[in-house]
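The lines below spell out each chain.
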Amino acid sequence: MMADSGSNEEVAVIGNTDITSTESENNIINTMVERGTALLKKMEINVAEAEKRTGKNTVNMQETYTVYLIETRPAETVPEGGTPAAPDTLWRRYSEFELLRTYLLVTYPYIIIPPLPEKRAEFVWHKLSADNLDPDFVERRRVGLENYLLRVASHPVLSNDKIFFLFLTEEKGWREAVLETGFQDKVDSRLKSLSAAFRVKNPDKRFTALKQYSDELNTVISQLLRVRARVADRLYGVYKVHGNYGRVFSEWSAIEKEMGDGLQSAGHHMDTYAASIDDILEEEEHYADQLKEYFFYTDAVRSVCRKHELIQYELEIAAQDLAHKKQLKEELATGTVRVFSLKGMTSKLFGQESPEQRESKLAALEQSIQEGEQALKEKNSECQEFVRTAWEDIERFKEQKDNDLREALISYAIMQISMCKKGIQVWSNAKECFNKM
Amino acid sequence: MSGQTVPADFTEHMLDLDEDEDLEVFSKNTSLADESPMPNSPSSMVNQYRLEEDEEEQQQDASAKDIFITVDNPESHVTAIETFILYRVVTKTTRSEFDSSEYEVRRRYQDFLWLRGRLEENHPTLIVPPLPEKFVMKGMVERFNDDFIETRRKALHRFLNKISEHPILSFSQHFKVFLTAQELSSHKKQGPGFLSRMGETVKAMANSVRGVRTRPEEFTQMQEYTEDFSNKICSVDKVTQRIIKEQREYLDELRQYTPTYTQWAESEEDLAEPLKGVASCVERCSKETEEHIHHLSEVLLPALHEYVLCAETVKAVMRRRDNIQADYEAKNEALASRKVDQEALQEEVDGLADRVEQANNALKGDWSRWQDNMRTDLKSAFICTAEKNVEYYEKCLAVWESFLLSQRPEPEEQRDMEDAA
């Protein structure tokens, strides 16, 4: 579905432009991506291929890694019978995707940044390889990376980022451009916010609720993924054992006269049945990947909540600080000591200070108070701005999540239906063969 | 020892009964028809005692059945020395050799073993239906576990019914005693019993060392087939057991889905409804899986297992036939070498020669009957299983389709949504 300039609906272009309506319904290729943003109006984005490379790493050791081909193409309608223009391409490896994401995380702390597909295969069932170089894993990761880019490209805020644009268009020199933004400094502060243990006096109930929801979602999805892996394992066993029927029936048919043909052909159907599980479980991996995306999303949500907490905390500290200074000023002005201070004590012990000293002190305090008020004002507006932009994104995210997961559940049902239909087919055929025994 | 193999009790009953054209239904055994007419009851009496039966009852030609047996009501019986299960055996019959038309007795597993032993003794080359095994090795199933008892009960029921359908075994005196006598212990003491069987075994071993020189080709083929069949049916039995095991483990894991989806639904608002929908779907599919497993273990597996045991029986029958032939050959050779007692020996040898012929004929007749039964039984078991599988998938399909329907808006609704966008 190419971007159709005639229709009102802007539909994000999903990688494979040959996608049929049933395929898109089944979400085989990719998860739902939002309506077109400014960036997506201009370009199609694909992660088309994956390739193995070897090279020397930072400690001068040989390593094998995978690179992914990013194709971009101006989004325009292709005339009937014409061929689309050749895409611009560049290669990126996973670590560069990670760098991009880190940059986005610190630059837009109020945005729920889309997650990357997993670095290592987790929640595997035993037949699936946990090897990063396994072709199936690489393929699923390719799809995941494309999905990631489309998520960013369709985000109302992130899609406008220059570094992201360069990531898609500038193979060389991108790394330097990222570093030039100086985002590294913010990395440390972000880490601090994530790990620090501070207490906010008046937590924002909405953010508290959101954090709790995010934790619950994280727990339940990981549980679901674990159950799925075990179920897949078991189901694989059930199907594959039926292959033994195939073998035995075939051998048995050799010694039978009347029963021979029926047994033999039934045996073939048992083999078909046993083989069918591979495709079934391969499809189910897509469902698992959709769940995994939201499992990883919970980290991003948590991260926004924590950032808010930090800002809130800093605000409270600033307010506290200001109040304290005002208190001091009042005491100094009126001569009462309500708040203990070392200076106060020493002046009591060693004699009062001179009026000049007091004046200068007052002036300094006044100055500090002014600065404090300014800082508080700024912090306050920072906080309000954060809350405003964050909640905008959170609402957007909630809607996206509900849509995507609903679609995922539907596609799971469709998969189950397909599996049942295959089962009916095979066993009906087998029954016919048994009838001929 | 002589006269044992010619069933004396059998011929006793032959005097009363007429030959009937329904004979063909019971056996294609023309050799037996020459010797002694097959007992049968007039078809008019047939439908009087029709019992509703469970799935194991063979599809018999209705016009021929004149005896109906059920095994049910297992009860634990406790004495000072031991505890065992007594099964109720109810017989309803129109056969004239039975004094009454209905009998009810209590039997324990040992009694069944006794009956089978006597039948095998009296008819060494007939294929006597198998009994369920004494012990269940794997899984350490407790002897008085309900499932075990039920499985055994069904097998015992099948055992007696198979005998009642057998053209020769059905008329065994021991069979009648088993079905009718209130006290079986007095009958058990009669007859050769243990010691003579020991003697048989020793002789059998001696003969097998000797070997069978001139085994007819058809019996060699039977023997080879039996070996192969035994291997195959054992494999099928094992595969089926494995499938059941895997299915059980699958079901255990599958059951984890529902609480997880339900828990998730509790955190969600809009998403709660489809999540609960999926949870409910998985639960219903779990129930279907459970039923499917039940079918496999209660219907398919016992059917296969019966033939695993049958194969062993047939192998033993082959060996006994060989022994009978070896016996004759040994005596025959002795006759050739010895000069004294020629007349007496000759008579003995002739008797043995007859015995060989009878044994061979009995086996040949029973063999084709057994083959037919095997084919019918296993075919129906496999068909039934295939049907159950189709049913299982159809039910699950319906479950998921109804979920899908609940999630998709109506076509009209969808158009409205698109217009509004």
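Residues numbered from 1 in each chain as written. Chains lettered and ligands numbered in written order. Predicted model: local features only at pLDDT ≥ 70, side-chain atom pairs only at ≥ 80, totals over all residues. Heavy atoms only, no water.

Of regular secondary structure, chain B possesses 13 helices and 3 strands. Residue pairs at least 24 apart in sequence account for 74% of intrachain contacts in chain B once pairs closer than 6 positions are excluded. Of the roughly 21600 Å² of accessible surface on chain B, 50% is carried by carbon and sulfur atoms. (Helix = DSSP H or I, 4+ residues; strand = E, 2+ residues; numbered from the N terminus. Contact = heavy atoms within 4.5 Å. Areas by Shrake-Rupley, 256 points an atom, 1.4 Å probe, with all protein chains shown as cover.)

Counting secondary structure elements, chain A contains 11 helices and 3 strands. Taking all 437 residues of chain A together, 48% fall into the buried category. Long-range contacts, defined here as pairs at least 24 residues apart, represent 77% of the contacts in chain A between residues at least 6 apart. (Buried < 20%, exposed > 50% of the residue type's maximum accessible area, 1.4 Å probe, protein only.)

All names here are of chain B. In the contact formed by helix α4 (residues 109-122) and helix α5 (residues 146-165), the axes pass within 12 Å of each other and the chain directions differ by 30 degrees. Here α5 runs roughly parallel to α4, going by the angle between their axes. The two elements α4 and α5 cross, and the hand of that crossing is left-handed. Residues Tyr109, Phe112, Leu115, Arg116 and Leu119 of α4 lie in contact with α5, whose contacting residues are Arg152, Leu156, Phe159, Leu160 and Ile163. (Axes fitted to C-alpha atoms, helices over the stretch in contact; angles between N-to-C directions. Parallel < 35°, antiparallel > 145°, perpendicular 65-115°, else oblique. Left-handed = near helix turned anticlockwise from the far one by under 90°.)

Moving on to the side chain of glutamate 316 of chain A. Residue and element names in this part refer to chain A. Relative to the assigned elements, glutamate 316 resides in helix α9 (residues 260-334). Within the buried core, glutamate 316 has no salt-bridge partner, and the shortest N-O distance to an opposite charge, that of lysine 201, equals 5.5 Å. One polar contact links the side chain of glutamate 316 to the main-chain amide nitrogen of asparagine 202, over a distance of 2.9 Å. For glutamate 316, the residues in contact, after removing those within four places along its chain, are Arg199, Val200, Lys201 and Asn202. (Lys, Arg positive; Asp, Glu negative; His and termini not counted. Salt bridge = Lys/Arg side-chain N within 4 Å of Asp/Glu carboxyl O. Polar contact = N/O pair within 3.5 Å; in protein donor to acceptor, adjacent residues only side chain to side chain.)

Quick look at the interface of chain A and chain B now. If you look at the interface, chain A gives 57 residues, while chain B gives 53 residues. With both sides pooled, the region where chain A packs onto chain B buries about 5500 Å², and carbon together with sulfur makes up 70% of that total. In terms of surface lost to chain B, no three residues of chain A exceed Arg234, Tyr245 and Leu409 of chain A, which account for 11% of the buried area on that side. Counting every contact that joins chain A to chain B gives 7 salt bridges. Salt-bridge contacts for glutamate 253 of chain B lead to arginine 230 of chain A; the nearest nitrogen and oxygen are separated by 2.8 Å. The interface formed by chain A and chain B contains 18 residue pairs in polar contact (both at pLDDT 80 or more). Elements with a contribution of two residues or more to the side of chain A that touches chain B: α8 (205-253), α9 and α11 (355-435) of chain A. Per element, the largest residue contribution to the side of chain A that touches chain B is 24 residues, and it comes from α8 of chain A. (Buried area = accessible area lost by both parts, 1.4 Å probe.)

All names here are of chain B. The grouping of Glu343, Glu347, Asp350, Asp354 and Glu357 at the surface amounts to a negative patch. Counting through the fold element by element, aspartate 350 comes out in helix α12 (residues 342-407). For aspartate 350, a relative accessible area of 40% translates into the label partly exposed. (Patch = residues over 30% accessible without salt bridge, like charges linked within 9 Å, V, L, I, M, F, W, Y side chains within 5 Å. Charge placed at Lys NZ, Arg CZ, Asp CG, Glu CD.)

What follows is about the sheet that holds strand β3 (residues 88-93) of chain A. All names here are of chain A. The sheet built from 3 strands is open, its strands ordered β1-β2-β3 with antiparallel pairing. The open sheet is flanked by β1 (43-56) and β3, the only strands paired with a single partner. Pairwise comparison of adjacent strand axes, ignoring direction, gives a mean angle of 25 degrees for this sheet. Strand direction decides the pairing type here: β1 and strand β2 (residues 62-74), joined by 13 bridges, are antiparallel. Its bridge partner lying in β2, glutamate 44 is registered against arginine 73. Here helix α3 (residues 94-107) sits on the sheet and contacts β2 and β3; the angle it forms with β3, its principal contact strand, is near 90 degrees. (Pairing = 2+ DSSP bridges.)

All right, on to the sheet that holds strand β2 (residues 83-93) of chain B then. Hydrogen bonds between backbone atoms are what pair the strands of a sheet, whose relative direction is either parallel or antiparallel. Residue and element names in this part refer to chain B. The strand order across the open sheet formed by 3 strands is β1-β2-β3, and the pairing between neighbours is antiparallel. The outermost strands of the open sheet, each flanked by one partner alone, are β1 (67-78) and β3 (102-108). Adjacent strand axes in the sheet meet at a mean angle of 20 degrees, parallel and antiparallel pairs treated alike. Two elements, β1 and β2, share 10 bridges in a ladder whose sense is antiparallel. Bridge assignment links valine 78 to a residue of β2, and that residue is threonine 83. Running at roughly 105 degrees to β3, α4 makes contact with β2 and β3 of the sheet. Together, β1 and β2 form the strand contacts of α5, whose direction differs from that of β1 by roughly 145 degrees.

Our next topic: the confidence of the model for chain A. Residues and elements named next belong to chain A. Averaged over every residue, the pLDDT of chain A is 83; residues scoring 70 or more account for 82%. Taken element by element, the predicted model of chain A shows its lowest mean pLDDT in helix α1 (residues 21-26) (44) and its highest in α8 (95). In the predicted structure, residues 1-35 sits below a pLDDT of 50 and forms 63 contacts with residues beyond four places in sequence or in another chain. (pLDDT = per-residue confidence, 0-100.)

The next subject is the nonpolar core. With 126 residues, the main nonpolar core has Phe249 and Trp252 of chain A together with Phe229, Tyr261, Trp264, Phe382 and Trp400 of chain B as its most contacted residues. Broken down by secondary-structure element, the contributors of at least two residues to this core are α8, α9 and α11 of chain A together with α9 (217-254), α10 (257-267), α11 (272-337) and α12 of chain B. It is α11 of chain A that provides the largest number of residues to this core, a total of 24 residues. Counting residues in hydrophobic clusters, the runner-up holds 38 residues, among them Val106, Val152, Leu158 and Ile163 of chain A. (Core = buried A, V, L, I, M, F, W, Y, C linked by side-chain atoms within 4.5 Å.)

Our next topic: unusual backbone geometry. Positive phi is not limited to glycine here, since asparagine 60 of chain A has a value of about 60 degrees. Take asparagine 60 of chain A: it is sitting in the loop between β1 and β2. Judged by its relative accessible area of 55%, asparagine 60 of chain A falls in the exposed class. The phi dihedral of asparagine 73 of chain B is positive, around 55 degrees, even though this residue is not glycine. When you line up the elements, asparagine 73 of chain B lands in strand β1.

Residue placement: phenylalanine 382 of chain B occurs in helix α12. With a relative accessible area of 3%, phenylalanine 382 of chain B lands in the buried category. With 78 residues separating them along the chain, phenylalanine 382 of chain B and leucine 304 of chain B place their C-alpha atoms 9.6 Å apart. Setting aside its immediate chain neighbours within four residues, phenylalanine 382 of chain B contacts Phe249, Trp252, Phe434 and Met437 of chain A together with Val236, Leu300 and Leu304 of chain B.

As a further point, take the packing of aromatic side chains. Residue and element names in this part refer to chain A. In the structure shown here, the tally under the stated rule is 34 aromatic pairs over all chains. With a centroid separation of 5.5 Å and 70 degrees between ring planes, the pair formed by tyrosine 273 and tryptophan 427 is classed as edge-to-face. Of this pair, tyrosine 273 sits in helix α9 while tryptophan 427 sits in helix α11; the two residues are 154 residues apart in sequence, bridging distant segments of the chain. Tryptophan 427 matches tyrosine 273 in its accessibility class, with the two residues each being buried. (Phe/Tyr/Trp six-rings, centres within 6.5 Å; stacked < 30°, edge-to-face > 60°.)

Attention now moves to the pairing of β2 of chain B. Residue and element names in this part refer to chain B. Taken across its 11 residues, β2 has 8 buried, putting it largely inside the fold. The antiparallel hairpin formed by β1 and β2 contains 4 residues in its connecting segment. Two elements, β2 and β3, share 7 bridges in a ladder whose sense is antiparallel. Across the sheet, arginine 88 pairs through a bridge with arginine 106, a residue of β3.

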